[in-house]
Amino acid sequence: MRIKGWKEVFAFTFNQQIKTKSFIIGTAVMAFIVALIAFLADVLPMAFLGSQIEQAENALKGGSIYTVDTVYISNETDYRFDLTNLLTSQSLNCKIITSAEADAKISEISDTSEKAMVVRIISGNNGLGVDSRYATGEDNPVTKNDCGSISSMIASEVNVQYLLQIGVPENEIARTLSGVTTTVSSAGEEPVSMIQQIMNSVVPMISAIVLFIFIFSYSQLVAQAVAIEKSSRVIEYLLTSVKPLAIILGKVLAMCCVSLLQFFIIGLGGTLGFLVSLPFGIMSKVGSLAGAAADSMAAAGNSEAIGIVNDIGAAFSNVDLSVLVIMIVTFILGFLFFSGLAGLAGASISKMEDLSSAIQPMSLIGVLGFYLAYFPQVTGEENTMSMIARYIPISSPFILTSDYMLGKIGIVEALISIAIMVAADILIMMFVAKVYETIILHTGNRLKIGDMLKMTK
Amino acid sequence: MSLVVEHLSKKFGEKVAVRDLSFEINEPGVFAFLGTNGAGKSTSIRMILGMLAKDSGSVLWNGQPLDIMKEQVGYLAEERGLYPKYNILEQMYYFASIKGVKKKDATPAIDYLFSRLKIDEYKKMKAEQLSKGNQQKVQLAAALLCNPKLIILDEPLSGLDPVNADLFKSIIREERDNGKYIIMSSHQMETIEEFCEDLVLLHHGDVVMSGNLNDIKRSRGRENLTIKADKPIGDIAQRCGLTLVEETPNGSSFKVKSEDDAGRMLREMLDNGINVIKFDLREPTLHELFVEKCGGNTQETAPEVR
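Read on for a plain summary of the structure. Not measured: the values here are computed from a predicted model. (Residues numbered from 1 in each chain as written. Chains lettered and ligands numbered in written order. Predicted model: local features only at pLDDT ≥ 70, side-chain atom pairs only at ≥ 80, totals over all residues. Heavy atoms only, no water.)

**Observations concerning the pairing of strand S13 (residues 251-255) of chain B**
Residue and element names in this part refer to chain B. Counted residue by residue, S13 has four buried out of five residues, so it is predominantly covered. One ladder, built from four bridges, connects strand S11 (residues 224-229) with S13; its direction is antiparallel. Paired with Ile227 across the strands is Ser252, a residue of S13. Where strand S12 (residues 243-248) meets S13, five bridges bridge the pair, whose relative direction is antiparallel. (Buried < 20%, exposed > 50% of the residue type's maximum accessible area, 1.4 Å probe, protein only. Helix = DSSP H or I, 4+ residues; strand = E, 2+ residues; numbered from the N terminus. Pairing = 2+ DSSP bridges.)

**A closer look at the sheet that holds strand S3 (residues 116-124) of chain A**
All names here are of chain A. Sheet architecture is open: four strands sit in the order S2-S1-S3-S4, paired in mixed fashion. Edge strands, defined here as strands with exactly one partner in the open sheet, are strand S2 (93-97) and strand S4 (127-134). For this sheet, the mean inter-axis angle between neighbouring strands, taken without regard to orientation, is 25°. Where S3 lies against S4, eight bridges are found, and the strand directions are antiparallel. For Ile121, the partnering residue across the bridge sits in S4 and is Val130. Across the sheet, helix H5 (residues 99-109) touches strand S1 (70-76), S2, S3 and S4, and the angle it forms with S3 is around 140°. The strands that helix H6 (residues 144-165) touches are S1, S3 and S4; relative to S4, the one it contacts most, it runs at about 155°. (Axes fitted to C-alpha atoms, helices over the stretch in contact; angles between N-to-C directions. Contact = heavy atoms within 4.5 Å.)

**Digging into the packing of aromatic side chains**
Applying the stated criterion to the full structure yields 28 aromatic pairs over all chains. With a centroid separation of 5.5 Å and 75° between ring planes, the pair formed by Phe12 of chain A and Tyr86 of chain B is classed as edge-to-face. Taken as a pair, Phe12 of chain A in helix H1 (residues 6-18) and Tyr86 of chain B in the loop between strand S6 (73-76) and helix H2 (88-98) lie in two separate chains rather than in one. Each member of the pair Phe12 of chain A and Tyr86 of chain B is classed as buried. Considering the side-chain rings of Trp61 of chain B and Tyr181 of chain B, the 5.4 Å spacing of their centres and the 90° angle between planes classify their relative orientation as edge-to-face. In this pair, Trp61 of chain B is assigned in strand S4 (residues 56-61) and Tyr181 of chain B in strand S8 (residues 181-185), connecting sequence segments 120 residues apart. There is no split in this pair, since Trp61 of chain B and Tyr181 of chain B are both buried. Among the aromatic residues, ring-to-ring pairing joins Phe212, Phe216, Phe337, Phe338, Phe370, Tyr371, Tyr374, Phe375 and Phe398 of chain A into one connected group. Stacked on the ring of Tyr237 of chain A, the Lys or Arg Lys99 of chain B has its end atom at 5.4 Å from the ring centre. Against the face of Tyr93 of chain B rests Lys103 of chain B, its NZ or CZ located 5.0 Å from the ring centre. (Phe/Tyr/Trp six-rings, centres within 6.5 Å; stacked < 30°, edge-to-face > 60°. Lys NZ or Arg CZ within 6 Å of the ring centre and 35° of its normal.)

Written as structure tokens, this is what we have:
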């Protein structure tokens, strides 16, 4: 079926809408606010996580993954130990000192900002020992934990070199040191990191709110535009050249594009804000470190900084082009659904003052859909309600994108949800097509939903 | 070219809006589409234009069903309007575009019509800034924008001051002289008489009169007599079988059964030494026919005159 004239309706509606002061000012203000939020959201976390990120960055850029830079080694045994290669491989400076110097050095680093530790390899009654002292002092970041890790590493190497020197064959040593493999895992579900938890609840909520505002406010503009055409009687003229279906189609698509345009302009504002924040923000650091951090997990051991980097990276691991595509598709489908209903609401009245009461049923459906999408996300965990919400056309447009982005659903589930939305949109548009032609010239009291349903028979 | 409307009917629920409407327009000119308020004129026009589904009947333009998506039809609706917040010129370009006319082709037509209607200076304004009369001019310009062959004007003169009404009339005359087929609805019977030769009159959805206006008048004969005299004439009029319709300072109006009765009345007045100032025997006006057909009960109206 060729619908003549919809393109002209589309072009006129689009052009007029983007020229309105409310669109220009509203878009500019929102773009600025979003830019500011994007900037602050990237920069503010650095105040809390900055030192840890910096530490991880140092580690992964070739610096030490520890808070220690220099290890002073004092070998007080009769054996020879070469620890230089081991420590250098961990980006640690290795400095050999005598036992006399060791005492002086320990005294020296007891109140210093030097990131150092002193390791004494000693002989005792029970064999060899490693005695480590770490630097202390105001603002000295060296931690006992890191020194413990370095000491264990050195002790292990000293042990191997000692066994070789007393004549134990290399393969025997390897067999002895291989030990017993141990694995540790949680009894229940793998615990979710704090950052992942925050992302799981905050992102869907923000996404639901933003999509709801855009879809719903522009759907109401469709209702308003239809009502203006009816109340100003322009519709009588338009119908001499275009069919009612072409009018509603052109109008709905134009409003959809206007809202997408506004959405992208605001998104552009956010991107600009983010780009400006890059030199100071957390995301650029996370972005550059995330991949490298994953490779260094083994070496990093229980490093908290690397963990945070990986948590943030994991939260956005599903963000790619498919997310953008799904977001646009669900936005358009959600928009068609609600604006189709809104168009009917606008056509059911003859006077502008009846508009608010006419769009009330649509508002209720929209708000219900929004809460269906919003509430299950509060806990950040998967539940029955959230599963249902992503397949119901009144709520799925608000939640599908974030669910997919956070990896709560895969592409198959997303496509099923989209297919349901498409089917719902077709049904709505068939209903609109059937009823709109009849009610567009209706004058008098507002038509009720029951009246419209009768028209479809 | 011709427009043939045959047996057009429409019901809204149980209420008959239009019943068996038929008429033909076979040559350019202005065709009067008349009726009381709520008689079904706008419903009929909407059915003719295809904006409203008809229950039965057909509308043929040049022997083919009229398709306003293909034919250029100019329409000035009774309930007309413009987008209040939008620029007038942009609205005109939009109206042209939905009729398939490109901007460059629409510009000369808009310039001509706006100049002709003396609204050039309002092109850049918003509709809500214009007076009702000027908005009406813009709407007439929109109706005539694409040089349509068939023009439907529903109450084109309502709400206009005499100066602008004359301007509208001159434009309608111009369109008629350019060979356009114009259907005009109006409650101003003098205007209809001025423009139209053929008409259809609706009352409560029924056609109560249709045909050529002169033929209708001629078929009724000269039955309206107005007399102004220097003495009372009531007794003489009664004797001559005249029925008094009304008395005004300009004289007394009577209905006569035949022209012979009128002649007898004149003779009797002269024989009685009455000085006759005015003696006007004429055919009924359209206004009188309208009131006669629609003023009382539809069931009692005379059969239609063709």
